[in-house]
Every structure is written in C-alpha cells, then in structure tokens.
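Coordinate analysis (summary)
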Amino acid sequence: MPANRESANRTPASFNESVIEEFRANGGKVGGPFEGGDLLLLTTTGAKSGTPRTTPLGYVRHGDSLLIVGSNLGGPRHPDWYRNLLAHPVVSVEIGSRVFEALAVPTEGGRREELFEHVVQAEPGYGEYQARTERLLPVVVLERAEPDGWEPPREIRTLADKLMEVHTWLRDQLRQVRAEVEAHFAARAAHDAAGGGEPPAPGLGLQIRQRCLAFCQALEFHHVSEDAHLFPGIAQYHPHLSEVFDRLSKEHRTVARIQNDLVTLLSGIAIAHPQRFRTELEEMSTELNAHLDYEEDSILPLLTDVPWPPSPATDAAPESADAE
C-alpha cells in the first residue's frame, strides 16, 4: 500500500517538514511509515504564489524514468503539487543525496493507462486509490529537463561563456519543441489516414506543452534578468551602446508576445490546425534566433573579460551576477 509512502494535501505540514528534515539529514533514508519505501522529495513552484513547495512522494521506476502519481490518497481533488507543475513544469527532485532538475510531464490516453498499470503492479495500493475517486489519477513522468543531446560547456570562466551557455540551451530547447511538434502532427495525420479509432499513443500534447512552457519561462527569466541587471550594468561603462540596449529590450517584448501566443495555442494542441501552429512556431524561431544572434554580436565581446562566477571584488558591471 502506498498509503504509508505518499504525502498528500491532507498530511499535516509539520509531519511533511519532519520527513523532509529526516530525509535530508540521512541521505534519503527515513523511518516510520516511509521506512523501506522508494521516497523522493519533489520541489515545485507555487502556481499562484511562485514560492518553492517541497513534498515527500513515493515513486516507481519505469526503465530510466521516474513515475509519480497524483493520488491524494484517493481524494476528490488533484494535489497541490500537481497543479503547481502544470504551471511551472521544471521541478527539483531529491533522491538519496542526489539533487537534480526534471521536466514533469503528465501522461495521456493509452500511455497513461500503460504506466498506471505498471505502477499498480509495483504498488497495488494505487489501484485502491483510483477506486475511491471518480477523477483519473494523474501519472507524471519525471524526465530530463535538458533537451536531448544537451552537453553543458566543460568550463565557464567568463560572463560571455555563461551567456553562450544560456543561448545554446534556449536554441536546443526550441529545436526539441519543434521536433516534438512534428512528431505529434505526424502521428495525428497517420491516425486520420487510418480512418479513425483510438487516437495515437503515446500522446505528445502535454509533453509538448510542458516542454514549451518550460522553454518560455526560462526565456522570460533570461530576458527579465538582462533588462533589470545585465544591460544597466554594462551601460554604466558603455553609454554609447544605448541604442543597442533599446533595440534588445524592444525585441524582448516582441518575443514575449509571440511566446504568450504560442502557449495559448498549445492549450489546444490536440485539435490545433497544423499549419497555423507551424506558422506561429516558425515565427517565434526566426525572431528568437535573430535576437540571439544580434545579442551575441553586440554584447558578447564586452563580457569576455568579466569573470564567472563573479567574485565580491569584481567592480565591472557589479549587478551582472544575477544576469542569467
């Protein structure tokens, strides 16, 4: 029974806090009702508050993936952590003494049924939780947050290196979103050509939504940090670049508008018109890559002598520590 191994909204906060404290003090090992179980700590960002929320959860392995279930002990509502990850897909996971970021992807259709069956075989109590409620218990896959094939730079010594790392990550994330979109539309086309029946499985709708939302939120954070810290810091020493910074800030607003339109479009990707969706995505890709190219050409040379991470004694562009 996972009843002893899964936290829920009804679990007193003080109990959760004691489990979290014991988990972190003992390299992931805890006693009491969680003893001997597969337990992780999931830290999500509050959907409304924006503050970190850590929850102890049972998990089940499936190949190289980790599965968590929004059972809420069979209650009528999804747990808060599930609503949080729908709003902020990148989560922090702690297993043992290891801490890593993951992309939280709820599963759909046949894929969800397949994985829930696997979960129930490992932990039969989840089947009992499902029997207690009319809602479909979410099955969430914790995937690698980085895009496929992502290799971080071996060494980052300057702020220019750090900026290029962020830009490369953004480009790779966008590339993966585009690849997943094409896979989704190809599966839909094949399904339609076959004359109906069950939709293709596994579905990519939520996977694409989560990946794109994570990308858009990272891009927004990057741009806000530049506008608030990096650009003003550089402008103190290079006032002749004011027109460059004005252009970059204007481009930030353009990209923000496009990405907001794209997230809205993603909410209905299961029925989205392929060509319209591709047009939106291509527009965003073109704008973003042109913006990143211009930023690298105009700003990068100014950052090659700024050490990263910054030291307290660094005088040049002192606020750039929060740039990325």
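Our next topic: the confidence of the model for the protein. Chain-level statistics for the protein give a pLDDT mean of 83 and a share of 87% at 70 or above. Here residues 313–324 is a poorly scored stretch, pLDDT under 50, and it has 28 contacts once near neighbours within four places are set aside; other chains count.

Here we take up a negative patch on the surface. The grouping of Glu17, Glu21, Glu22 and Glu35 at the surface amounts to a negative patch. Looking at the element boundaries, Glu17 is found in helix H1 (residues 13–25). Judged by its relative accessible area of 52%, Glu17 is exposed.

Considering all chains together, one arrives at 4 aromatic pairs under this definition. Both rings, one in Tyr126 and one in Tyr129, keep their centres 6.0 Å apart while their planes meet at 85°; by these two values the pair is edge-to-face. Within this pair, Tyr126 and its partner Tyr129 are both found in helix H4 (residues 125–132), separated by 3 residues, close to a single helical turn. This pair shows no difference in class: Tyr126 is buried, exactly as Tyr129 is. Ring geometry for Phe231 and Phe245: centres 5.2 Å apart, planes at 25°, overall stacked. One end of the pair, Phe231, is in helix H6 (residues 205–235); the other, Phe245, is in helix H7 (residues 242–266), with 14 residues separating them in the sequence. The same class applies to Phe231 as to Phe245, namely buried. One cation-aromatic arrangement involves Arg112 over Phe116; the distance from NZ or CZ to the ring centre is 4.4 Å.

Overall, the coordinates contain 13 salt bridges when judged by the stated rule. Among the ionic pairs, Arg24 bridges to Glu94, the shortest N-O distance being 2.7 Å. Taken together, the positions of Arg24 in helix H1 and Glu94 in strand E5 (residues 90–95) put the pair 70 residues apart, joining distant regions of the chain. Judged by its relative accessible area of 48%, Arg24 is partly exposed. For Glu94, a relative accessible area of 9% gives the class buried.

Now for the nonpolar core. Core analysis: the biggest nonpolar cluster contains 23 residues, and Val181, Phe215, Leu219, Phe277, Leu281 and Met284 have the highest contact counts within it. Of all the elements in the fold, those that place two or more residues in this core are helix H5 (159–193), H6, H7 and helix H8 (274–303). Among the elements that take part in this core, H5 stands out by supplying 7 residues, more than any other.

Reading guide: rules and limits
Residues numbered from 1 in each chain as written. Predicted model: local features only at pLDDT ≥ 70, side-chain atom pairs only at ≥ 80, totals over all residues. Heavy atoms only, no water. pLDDT = per-residue confidence, 0-100. Contact = heavy atoms within 4.5 Å. Patch = residues over 30% accessible without salt bridge, like charges linked within 9 Å, V, L, I, M, F, W, Y side chains within 5 Å. Areas by Shrake-Rupley, 256 points an atom, 1.4 Å probe, with all protein chains shown as cover. Salt bridge = Lys/Arg side-chain N within 4 Å of Asp/Glu carboxyl O. Lys, Arg positive; Asp, Glu negative; His and termini not counted. Charge placed at Lys NZ, Arg CZ, Asp CG, Glu CD. Helix = DSSP H or I, 4+ residues; strand = E, 2+ residues; numbered from the N terminus. Buried < 20%, exposed > 50% of the residue type's maximum accessible area, 1.4 Å probe, protein only. Phe/Tyr/Trp six-rings, centres within 6.5 Å; stacked < 30°, edge-to-face > 60°. Lys NZ or Arg CZ within 6 Å of the ring centre and 35° of its normal. Core = buried A, V, L, I, M, F, W, Y, C linked by side-chain atoms within 4.5 Å.

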